[in-house]
Amino acid sequence: MRAPVGGLFRHVLDLAAEQAAQGHEVGILADATASDALTDQRFAAVAPRLALGIRRIAMNRRPGIGDAGAVRAVAAHAKSLGLDVLHGHGAKGGAYARLAGRFLRRGNSRRVAVFYTPHGGTLNFPAGSMEGRVYLRLERILAGLTSGIIFESDFARRTFAERVGQLAMLQRVVPNGLQPSDFAPHEPDECAADFVFIGELRDIKGVDVLLRALRRLNDEKPVSAKIAGSGPHAERFQMLARELRLERVVEFTGAMPAAAAFKLGRALVVPSLKESFPYVVLEGAAAGLPLVATDAGGIPEIVADTDTGLVPTGDDATLAALMRSVCGDRQAAIARAERLRQHVQAKFTVARMTSDILAFYAGAGSR
């Protein structure tokens, strides 16, 4: 994987640790340039379980001259370990794994199976943009080097097929899963706001939609929110909050782990315009937080067969209406959240996710 951040990072750490727990020799190769204290702590925590260790090399976010050297480094490291499987996560990690696999197969009697999980990746680029066209073209080229592709949501599978095409490779949808520790009950702080948002502060997360919904609600009575996160559009959102005269009811807290941020609110709001299969929705549901979310990406797959309703993306009026209903009848919202928690606990676990991926490795690798 390239950047050890966000949901992709959590997915890789959980998957690697559980694969190791099930008796497999596992290692991680990640970007060396994207790091902070929390990243280092998470790597240090999982490192003792990984027989093949953790290796960091420089991986640029965008295509460039450094990619050739990075691919050679990935191939050399993989060859030194005598791997059976290479699994690339994210657009850049997927490209490196598949190109390295091509080098490994040359003159090597031992077959290396190469798998890919996009995690949104290239699918988040506008299809009509120059950058989007380039990345989608690369996806088509790299498809021939792929033993199998794993999607974390059926939404991602459908989007991939629409944009990249129906490619002749084995595919499977394996949703993200949670650890037993994620199901600790939610206990809001005494000073908790009515709602908490947790995520990157960038356009596709719909923070501007949330702020406009809050303006509608506060025209009637005070409704508060805490916005936990950082990102490239943070200053713009803070300016919008001031323009909407929300300074007294909206607080930008900065980035923090989701488990800590959950305590800041009595309900979780996810106003995203685009998503794949967001961990924050799974984690919020596991904590028993009442959920107000849009129908972006794979979110409908998380709440399917429950009575948790969703709202259309980009619709601040409908978002405000659902937020109003949660504030108006908190006991009903809490009861609904408990039913969603039980649903998530039964369906979305790391153990199940890992077993499904290992089974896919075995089936695709034997072909």
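Residues numbered from 1 in each chain as written. Predicted model: local features only at pLDDT ≥ 70, side-chain atom pairs only at ≥ 80, totals over all residues. Heavy atoms only, no water.

### Looking at a nonpolar patch on the surface
A surface patch of nonpolar side chains, amounting to about 240 Å² of accessible area, comprises Val-134, Leu-138 and Ile-141. Within the secondary structure, Val-134 sits in helix 5 (residues 130-142). When its relative accessible area of 41% is taken as the criterion, Val-134 is described as partly exposed. (Patch = residues over 30% accessible without salt bridge, like charges linked within 9 Å, V, L, I, M, F, W, Y side chains within 5 Å. Areas by Shrake-Rupley, 256 points an atom, 1.4 Å probe, with all protein chains shown as cover. Salt bridge = Lys/Arg side-chain N within 4 Å of Asp/Glu carboxyl O. Helix = DSSP H or I, 4+ residues; strand = E, 2+ residues; numbered from the N terminus. Buried < 20%, exposed > 50% of the residue type's maximum accessible area, 1.4 Å probe, protein only.)

### With respect to the packing of aromatic side chains
Geometry of an aromatic ring pair is reported as the spacing of the ring centres plus the angle between the planes. Taken as a whole, this structure holds five aromatic pairs when the rule is applied. Site record: aromatic cluster; members linked through ring pairs are Phe-115, Phe-360 and Tyr-361. We note Arg-98 situated over the ring of Tyr-116; from NZ or CZ to the ring centre the distance is 3.8 Å. (Phe/Tyr/Trp six-rings, centres within 6.5 Å; stacked < 30°, edge-to-face > 60°. Lys NZ or Arg CZ within 6 Å of the ring centre and 35° of its normal.)

### Quick notes on the nonpolar core
In summary, soluble globular proteins display a tendency toward joint burial of nonpolar side chains. Counting 32 residues, the largest nonpolar core has Phe-195, Leu-211, Leu-214 and Met-323 as its most contacted members. For this core, the secondary structure elements donating two or more residues are strand 7 (195-198), helix 7 (207-218), strand 8 (225-228), helix 8 (234-243) and helix 12 (316-328). At seven residues, the largest contribution of residues to this core is made by helix 7. Residues contacting Leu-214, with those up to four places away along its chain left out, are Val-223, Ala-225, Leu-246, Val-250 and Met-323. With 29 residues, the next largest nonpolar core counts Leu-178, Phe-262, Leu-264 and Leu-289 among its residues. (Core = buried A, V, L, I, M, F, W, Y, C linked by side-chain atoms within 4.5 Å. Contact = heavy atoms within 4.5 Å.)

### Concerning the side chain of His-343
As for its placement among the helices and strands, His-343 is situated in helix 13 (residues 330-347). Filtering out sequence-adjacent residues up to four positions away, His-343 remains in contact with Ile-302, Ala-304, Thr-306 and Phe-348.

### Quick notes on unusual backbone geometry
Residue Arg-245 is not a glycine yet carries a positive backbone phi of 60°. Turning to its location among the elements, Arg-245 is positioned in the loop between helix 8 and strand 9 (250-252). Given a relative accessible area of 60%, Arg-245 falls into the exposed group. Phi is positive for Asp-305, which is not a glycine, with a value near 70°. Within the fold, Asp-305 resides in the loop between helix 11 (299-303) and helix 12.

Such coordinate-based values are descriptive only and should not be taken to indicate function.
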